[in-house]
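Structure at a glance
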Amino acid sequence: MSSRRLYILIFIAVAGYPLLAWMFHSIHPVAKFGLDLDRRSVIGLARKRATAIDSDAATWPAGVESSIDQTVARYLDDRPNPEISKLLSFSSMRVEMPDPRTDKSLDITISGHGRITHVRRGGFKPDAARLLSIDEQKALAEAGLKQLAPDEWQRFTFNQSSLTDSTTRNFSWQMIFPGEGRVKLLADASVQNDIVTRTSINPEFASEYRTALRERRSWLRWIDFGFVLLLFLGTLFALILYFRNIIRKEVRHRSTLLVWFVTFAATGIWLINSSFFENIHTNVAFYPALQRFYIGHLLSVLVVSLLALGMSLPFFFFWGAGYPEASRLVRNPLSPFELFLKGKLVSRKVGASVLIGLTLGWVSPVIVYATARLIRFGQPPGLFIESTFADLFMARVLLLARPLDSSVDKLYTTFLLFAFVLPFLLNRFRKSSISHAVVILVGALAFLGSDEFVTGVAAATVSSITTVVLLDLLIFRASFLAGMTALLAADFAVKLCALTNQPSLTLQWYGWFGWILFGFAIAGSAAVALRGKVLSEEDARARWFSEDQLVNREELALLKAQFQVARRAQQQMLPEAPPAVPGVEIAAVCLPAREVGGDLFDFLSLPNGSVGVVVADVSGKGVPASLYMTLTKGLLASIAETTSDPAEIVREVNRHLYIACKRKMFVTLLLGVVDPEMRTFTYARAGHNPPVWRNGTNGETRFLGARGIGLGLTSGELFDRTLELEKIALGAGDLLILYSDGISEAMNDAREEYGETRLKSVAARADGMSASKVKDLILGDVQLFLGRTPPQDDQTLVVVKVL
Amino acid sequence: MPNPFSLDVVEKEGLSLIQLEGYLDAHTAPQFEAAIQSEIDSERYAVIVDCSKLTYISSAGLGVFMTFVEEVREKGGDIKLCGLVARVRHTFEILGFQDIFDLLDDVPSAVQRFGDKKAAEGA
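Quick look at the structure, then. (Residues numbered from 1 in each chain as written. Chains lettered and ligands numbered in written order. Predicted model: local features only at pLDDT ≥ 70, side-chain atom pairs only at ≥ 80, totals over all residues. Heavy atoms only, no water.)

1. Focus on the overall build of chain A
A tally of helices and strands in chain A yields 29 helices and 18 strands. Looking at chain A as a whole, 53% of its 803 residues qualify as buried. Excluding contacts between residues fewer than 6 apart, the proportion of contacts in chain A whose partners are at least 24 apart in sequence is 70%. Element-wise, carbon and sulfur atoms account for 60% of the exposed surface of chain A, whose accessible area totals about 36500 Å². (Helix = DSSP H or I, 4+ residues; strand = E, 2+ residues; numbered from the N terminus. Buried < 20%, exposed > 50% of the residue type's maximum accessible area, 1.4 Å probe, protein only. Contact = heavy atoms within 4.5 Å. Areas by Shrake-Rupley, 256 points an atom, 1.4 Å probe, with all protein chains shown as cover.)

This is the structure in structure tokens:
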């Protein structure tokens with residue numbers, strides 16, 4: 001990543017996050033209805049009250065479960081009565097304190113403003129000796145309730161008393177507000193003889209009002225259902241594809257398991273840090289029967305682990321199904337994420353992706369808030385506070401709190417659609433715009449319901465489409481890791497904004513601390529992006545291959561090495577130097593077009609003392625041709641030990657090759673015997689290119705074209721009948737050029753062939769040159785003709801100069 | 001980029017006429033091979049290959065002729081070639097193919113040659 005881009009990104013972040021914070025502060029309901037308490041003060045308050053009831057309670061463990069009352073929240077947004085507003089809070093923290101030794105427990109619920117609203121006693125035994133009258137019980141109840149609302153008690157009027165069961169009597173009072181018909185305050189107390197088992201002060205909303213509020217967002221229920229359906233179907237589809245990929249051996253098990261492990265670990269951490277776990281923990285871990293061997297504690301961790309395992313399972317299948325598809329794309333968007341999983345955290349690629357994600361995380365929430373504000377201009381933007389905010393505020397380790405529900409939905413949808421469905425579609429539709437459009441449409445529908453904050457179909461649609469389009473751009477321009485980081489960064493930033501906007505100083509402090517950490521994260525990823533490790537070639541290429549194919553590259557390297565050995569062997573099979581024949585100069589060369597070739601030349605020591613010169617060419621190229629070439633060479637060598645007649649040698653070779661080649665291949669061959677004493681050249685031409693003979697005496701140049709069929713094509717009779725033996729008389733200065741069609745048919749860029757005519761003319765120019773010089777002259781001329789085109793066929797040349 | 005090649009198989013006076021056009025090399029030889037194979041499978045052993053539009057033949061193409069010639073001859077038929085352009089004829093002649101196959105000038109001559117042979121056998 002260039003430093004210029006980096007600075008631009010950081011600038012964007014520095015401008016964007018404050019913008020987000022400002023918008024959050026001015027729009028988001030969580031900012032307005034502040035929390036005075038953090039976890040510790042909540043527990044402290046509850047314990048103080050509990051100890052006042054039963055002094056043992058000072059030692060009892062405490063668990064906090066927080067929740068948000070959506071009806072109260074909506075009422076507070078809906079022209080609330082100012083008096084009631086002061087008394088109502090949409091958030092409440094329930095502190096459970098079980099006695100680990102007995103059945104006793106104390107439940108104290110505290111509102112967001114710090115008022116105790118519920119007190120429940122469990123397992124307290126009433127005094128059987130003393131039986132209280134109803135009036136005495138009522139007095140007890142009143143005393144208990146007065147403690148909850150000391151200043152307002154005189155405004156409560158007695159409502160009724162009733163028996164809920166044989167031992168418990170319920171007393172209720174109510175406070176009605178003049179002019180406010182939608183809600184009243186209800187004070188409730190349950191008494192069992194001399195024990196007040198429960199006191200609570202609750203708002204009670206008129207049923208018509210409740211229904212009206214509920215109806216406002218009924219359309220979202222369908223979207224929620226749709227989202228669950230999408231997730232289920234998507235997981236099913238991924239499951240099927242995952243098993244198909246296993247059969248095809250395309251699954252990268254290690255990275256798939258790593259994805260599962262990472263999501264399992266993250267989900268586990270979030271769940272253990274949530275009030276869900278608290279609830280299980282206090283109910284199970286401190287159950288007296290399970291207490292003895294810490295079974296209770298183990299059980300609660302087990303439950304959470306199983307849940308985390310199940311929640312992370314879809315990610316396993318999305319990755320297992322999606323990665324093979326993604327690695328087939330020209331650019332694999334999943335590769336930085338994979339590198340990240342492999343532990344290559346300090347590589348530039350990973351750093352760059354993380355940086356992009358961190359600096360652009362603010363965009364999505366800003367879009368949501370902006371559309372909520374702009375589209376419903378003039379109206380309140382809609383008051384839905386996600387219940388997971390409650391989890392955030394009461395988490396044991398604040399900054400590791402569970403992602404907001406909307407973020408979890410987005411994480412799942414993004415993984416499903418972008419790590420799996422989109423690569424799958426891109427590999428099947430030629431027009432990538434179709435695939436992107438499908439995914440954006442489905443994603444927008446899934447995102448539609450996830451921002452509970454946004455009311456109104458119009459606003460929700462605009463913000464969800466925009467968010468998904470931007471996510472798509474981010475994932476395919478940058479990477480999948482960048483997209484996931486952006487989502488997580490958005491979640492973290494929103495939670496930080498929520499924290500800093502609360503009256504509680506502790507919560508604010510955590511918020512600011514979180515921002516500092518965030519800043520360090522951006523700085524750290526920027527440093528890695530600039531100065532981190534550059535990927536090794538293996539890693540860079542790893543995205544193109546599955547593990548199997550990586551192994552094949554090793555095999556390829558092995559093959560290449562073997563080719564080198566074969567080439568060397570073949571070169572060594574060629575005669576090192578031409579034989580010394582008196583009165584004759586011989587020069588020879590063979591240049592294979594590939595690592596191994598199908599041409600050969602050889603010099604045979606014939607039984608009568610003469611030297612046979614052979615040039616041969618197997619039809620075809622490469623390894624198959626070279627195998628037949630080796631066979632031909634072997635045949636020549638052994639047959640030439642038995643006879644000096646070139647025709648007979650050639651006929652014998654044909655008999656053997658006919659059987660071996662099975663007519664699909666053939667070998668052209670020219671075998672000529674130089675008799676230095678008689679000064680003759682006797683040759684047999686089995687389908688091979690006619691040699692050039694330049695007569696040094698009369699300056700004539702002609703081709704030696706005796707009849708003969710190529711070897712391996714016909715069985716003995718026809719071949720033997722057709723083969724001609726020709727004998728020519730050699731004079732001083734004569735030149736014989738034996739060659740293969742790699743020379744005569746060498747083709748240049750303009751698709752012209754070098755041709756026999758050019759060869760003939762070179763021979764004419766070669767008077768007075770040594771054999772070696774002539775050889776070089778010809779090769780040079782061919783090379784000049786070819787220019788930059790590489791030779792397509794093996795080039796063999798044997799030059800015989802008569803001195 | 002592969003060189004263009006095409007072939008056509010028609011029936012002519014009870015004989016199979018395969019008309020080749022373009023470049024016959026290792027890439028396109030399988031097409032030619034399949035065409036002759038299908039004629040043989042249909043028990044049509046008298047084949048004329050019209051090479052008047054054939055511009056180039058490589059060893060792979062030559063190999064195709066060799067693959068079938070013995071089989072069709074055993075069954076009483078033959079593969080005869082006609083209309084060879086100069087360059088292709090040159091290739092054939094260096095290899096000595098004119099001693100293995102009948103190389104004729106045009107299709108009617110090839111048809112006639114089949115006829116002559118039949119007449120000779122009949123007599």
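2. Some thoughts on the pattern of salt bridges
All names here are of chain A. For the structure on display, the rule yields 34 salt bridges over all chains. With its nearest N and O atoms 3.0 Å apart, the salt bridge here joins R39 to E278. A residue pair is termed long-range when its members are at least 10 positions apart, and R39 in helix α3 (residues 39-53) and E278 in helix α10 (residues 275-285) qualify at 239 residues. Comparing R39 with E278, the two get one shared label, buried. (Salt bridge = Lys/Arg side-chain N within 4 Å of Asp/Glu carboxyl O.)

3. Concerning the sheet that holds strand β10 (residues 599-605) of chain A
Residues and elements named next belong to chain A. Read from one edge to the other, the open sheet built from five strands follows the order β10-β11-β12-β13-β16, with strand pairing classed as antiparallel. Among the strands making up the open sheet, the edge pair consists of β10 and β16 (725-729). On average, adjacent strands in this sheet sit at an angle of 20° to one another, irrespective of strand direction. Bridge analysis of strand β13 (residues 680-686) against β16 gives five bridges, and the strand direction is antiparallel. The partner of A684 across the bridge, within β16, is L725. Against the sheet, helix α25 (residues 646-661) contacts β12 (667-675), β13 and β16, and its axis sits at roughly 160° relative to β12. (Pairing = 2+ DSSP bridges. Axes fitted to C-alpha atoms, helices over the stretch in contact; angles between N-to-C directions.)

4. Quick notes on the packing of aromatic side chains
Under the criterion given, the structure shown has 41 aromatic pairs over all chains. An angle of 70° between the planes, with centres 5.7 Å apart, marks the rings of F337 of chain A and F480 of chain A as edge-to-face. Here F480 of chain A lies in helix α20 (residues 480-500) and F337 of chain A lies in helix α13 (residues 335-341), a separation of 143 residues in the sequence. Centre to centre, the rings of F97 of chain B and F101 of chain B are 5.4 Å apart; their planes meet at 40°, and the pair counts as tilted. Residue F97 of chain B is classed as buried on the basis of its relative accessible area of 0%. Ring pairs connect the aromatic residues F315, F318, W319, Y323, F337, F340, Y412, F415 and F480 of chain A, which therefore count as one cluster. Sitting over the ring of F158 of chain A, K138 of chain A keeps its end group 3.8 Å from the ring centre. Of note, K80 of chain B hangs over the ring of F114 of chain B, and the distance from its end group to the ring centre comes to 4.9 Å. (Phe/Tyr/Trp six-rings, centres within 6.5 Å; stacked < 30°, edge-to-face > 60°. Lys NZ or Arg CZ within 6 Å of the ring centre and 35° of its normal.)

5. With respect to the interface of chain B and chain A
Counting residues at the interface gives 19 residues for chain B, matched by 24 residues for chain A. Contact between chain B and chain A buries roughly 1600 Å² in total, counting both sides, with carbon and sulfur atoms accounting for 49%. In terms of surface lost to chain A, no three residues of chain B exceed I94, L95 and D99 of chain B, which account for 34% of the buried area on that side. Note that E753 of chain A and R87 of chain B form a salt bridge whose closest N and O atoms lie 2.7 Å from each other. Summed over the shared surface of chain B and chain A, the result is six residue pairs in polar contact (both at pLDDT 80 or more). Mapped by element, the contributors of at least two residues to the side of chain B that touches chain A are α2 (59-74) and α3 (86-95) of chain B. (Buried area = accessible area lost by both parts, 1.4 Å probe. Polar contact = N/O pair within 3.5 Å; in protein donor to acceptor, adjacent residues only side chain to side chain.)

6. What about a nonpolar patch on the surface?
Among the surface-exposed residues, W222, F225, L229, F232, L233, L236 and I240 of chain A lie close enough to one another that they form a single nonpolar patch of about 790 Å² accessible area. Relative to the elements of secondary structure, I240 of chain A occurs in helix α8 (residues 218-247). (Patch = residues over 30% accessible without salt bridge, like charges linked within 9 Å, V, L, I, M, F, W, Y side chains within 5 Å.)

7. Notes on the pairing of strand β4 (residues 78-82) of chain B
All names here are of chain B. Counting buried positions over the five residues of β4 gives five, a clear majority of the element. Covered by surrounding structure in β4 are D78, K80 and C82 together with I79 and L81, the residues of both alternating faces. Direction of pairing for strand β3 (residues 46-57) relative to β4: parallel, over a ladder of five bridges. In the sheet register, I48 faces β4, and the bridge partner there is K80. Strand direction decides the pairing type here: β4 and strand β5 (residues 103-104), joined by two bridges, are parallel. Within β5, the residue paired with L81 across the bridge is L103. With α3 bridging β4 and its parallel neighbour β5, the resulting β-α-β unit is right-handed. (Right-handed = clockwise from strand over helix to strand, strands pointing away.)

This is a description of form; function is not addressed.
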